Amino acid sequence: MNTVITGASDGIGAASALELARKGHRLVLVGRTASKLSAVADQVAAITGDRPDTLTVDFTSFEDVRRVAADLLDRCERIDVLVNNAGVMSTKRQGTADGHELMIQVNHLSPFLLTNLLLDRIKESSGRVVTTCSRAAKTGRLDPADLSRERRKWSGWLQYGDSKQANALFTVSLAERGIAATCVHPGVIRTGFAPGTFFMKLVLHMPGMGEPVEAGAARLTHLAAHPDGVDHPGRYFAGNVPAAVPRQMSDPDLAAALWSASLAATGHHES
Ligand SMILES: NC(=O)c1ccc[n+]([C@@H]2O[C@H](COP(=O)([O-])OP(=O)(O)OC[C@H]3O[C@@H](n4cnc5c(N)ncnc54)[C@H](OP(=O)(O)O)[C@@H]3O)[C@@H](O)[C@H]2O)c1
């Protein structure tokens, strides 16, 4: 299995890379910070004896996403699994050079673009796409005409919820196009995610509030390696089973509107 995993430099993504290496996947590690990615590659090499390829990318730049997608297409004759895991939560409103709010670009628009650029290769490989979503998606109130919340109230958690709702709707749209796509709530996991927030302080310091990275990695890699990742296209998983979701995470019309808005936002043209 040739598996590409984003956000592989830290947290759930790094732990998932190690778990997938143990399961025998041939990995390409994609991450933002070269030094952290290199350390994870060393850990993978210690398991498999082979050092995986590493590719750096900054999801705040569509140009960088296009560059890394071209590099992946050069390197990978097959892509059996694409794990869209990179993500960010920020309490501060930030914009990207492409003119979007940070979280909608890093958590949805860039993975949307990367997946679309790799989609033919994934289809040729009868591959699957697994996205790290969140139960925060249930709080999402995404408006395809206002992805960056320029015309509505903005808060970090509201915008994060919208971006994770987008992960679920993107999964629905990929499934409609015949792709074995699923997404997953990894659990509440002790990582460097959402630094400084009251919620993550509780997760990191209150006994019983959070789980170790290996627990999140087990849920993510389940969908990358188990038939469940193929047998339930379009579904959101929690605790290794497809879970019921509110309408705004599964509505095919909203998913289609998001797809069109994402094409416009990324400037991608479908072949
Ligand atoms: N932790 C939780 O409780 C929890 C719960 C639900 C969902 N999630 C989701 O799980 C996923 C992984 O998060 P985590 O908890 O493992 O957090 P993390 O330890 O902060 O890891 C996030 C990963 O995303 C990468 N990343 C961040 N911004 C990026 C950018 N601009 N371009 C490219 N890569 C970027 C990071 O790269 P660097 O190493 O360079 O920072 C890192 O590899 C995210 O999608 C998050 O939304 C987490």
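These remarks concern the structure in this document. It should be emphasised that the depicted structure is a prediction, and the values quoted were computed from it without experimental measurement.

## Describing the pairing of strand E2 (residues 26-31)
Judged by how many residues are buried, E2 sits mostly within the fold: five of six residues are covered. Sheet analysis places strand E1 (residues 2-6) next to E2, joined by five bridges and oriented parallel. Considered in E2, the bridge of Val4 is made with Val28. As a crossover connection, the stretch from E1 through helix H1 (residues 11-22) into E2 is right-handed. Pairing analysis gives four bridges linking E2 to strand E3 (residues 53-56), with the strands arranged parallel. Bridged to Val28 within E3 is Asp53.

## Observations regarding the sheet that holds strand E8 (residues 241-242)
Judged by pairing direction, the sheet is mixed, and its eight strands sit side by side in the order E3-E2-E1-E4-E5-E6-E7-E8 without closing on themselves. Each of the sheet's edge strands pairs with one partner strand only, and the pair in question is E3 and E8. Seen against the sheet, helix H3 (residues 62-75) touches E1, E2 and E3 and runs at an angle of roughly 165° to E3.

## Some thoughts on unusual backbone geometry
Even without glycine at this site, Arg149 takes up a positive phi of about 50°. Looking at where Arg149 falls in the secondary structure, it is placed in the loop between strand E5 (128-132) and helix H5 (156-176). On the basis of neighbour counts, which here come to 19 C-beta atoms within 10 Å, the residue Arg149 falls in the partly exposed class. Residue Ala194 is not a glycine yet carries a positive backbone phi of 50°.

## Points about the packing of H1 against helix H2 (residues 34-48)
Contact geometry of H1 with H2 gives a least axis separation of 9 Å together with a crossing angle of 20°. Accordingly, the angle class assigned to the pair H1 and H2 is roughly parallel. Between H1 and H2 lies a crossing whose hand is right-handed. Counted together, Ala14, Ala17, Leu18, Ala21 and Arg22 of H1 and Val40, Gln43, Val44, Ile47 and Thr48 of H2 form the full contact between these two elements. In terms of residue class, the contact of H1 with H2 is built from seven nonpolar, two polar and one charged.

## Thoughts on the environment of Leu73
Structurally, Leu73 can be placed in helix H3. Leu73 gets classed as partly exposed once you count the C-beta atoms within 10 Å, which come to 14. With 84 residues separating them along the chain, Leu73 and Trp157 place their C-alpha atoms 35 Å apart. Residues contacting Leu73, with those up to four places away along its chain left out, are Leu118 and Arg121.

## Some remarks on the site of the ligand
Taken together, 27 residues sit near the ligand, with Gly7, Gly11, Arg32, Phe59 and Gly87 positioned nearest. A per-element tally of the shell around the ligand places H1 first, with three residues. For the shell around the ligand, the per-class residue count stands at ten nonpolar, 13 polar and four charged.

## Here we look at the packing of H5 against helix H9 (residues 252-266)
Each pair of packed helices gets described by two things: the angle between the helix axes and the distance between those axes. In the contact formed by H5 and H9, the axes pass within 9 Å of each other and the chain directions differ by 95°. Considering their axes alone, H5 and H9 lie roughly perpendicular with respect to each other. From H5, Ala166, Leu169, Val172, Ser173 and Glu176 reach across to H9, where they touch Pro252, Leu254, Ala255, Ala256, Leu258 and Trp259. Tallied by class, residues from the contact of H5 with H9 come to nine nonpolar, one polar and one charged.

## Things to note about the environment of Asp253
Structurally, Asp253 can be placed in helix H9. Judged by the 7 C-beta atoms lying within 10 Å of it, Asp253 falls in the exposed class. As a C-alpha pair, Asp253 and Ser173 span 80 residues in sequence and 9.6 Å in three-dimensional space.

Calculation criteria
Residues numbered from 1 in each chain as written. Predicted model: local features only at pLDDT ≥ 70, side-chain atom pairs only at ≥ 80, totals over all residues. Buried ≥ 20, exposed ≤ 12 C-beta atoms within 10 Å, placed from the backbone. Helix = DSSP H or I, 4+ residues; strand = E, 2+ residues; numbered from the N terminus. Pairing = 2+ DSSP bridges. Right-handed = clockwise from strand over helix to strand, strands pointing away. Contact = placed C-beta atoms within 7 Å. Axes fitted to C-alpha atoms, helices over the stretch in contact; angles between N-to-C directions. Parallel < 35°, antiparallel > 145°, perpendicular 65-115°, else oblique. Left-handed = near helix turned anticlockwise from the far one by under 90°. Nonpolar A, V, L, I, M, F, W, Y, C, P; charged D, E, K, R; others polar. Near = placed C-beta within 6 Å.

These figures capture arrangement, not role.
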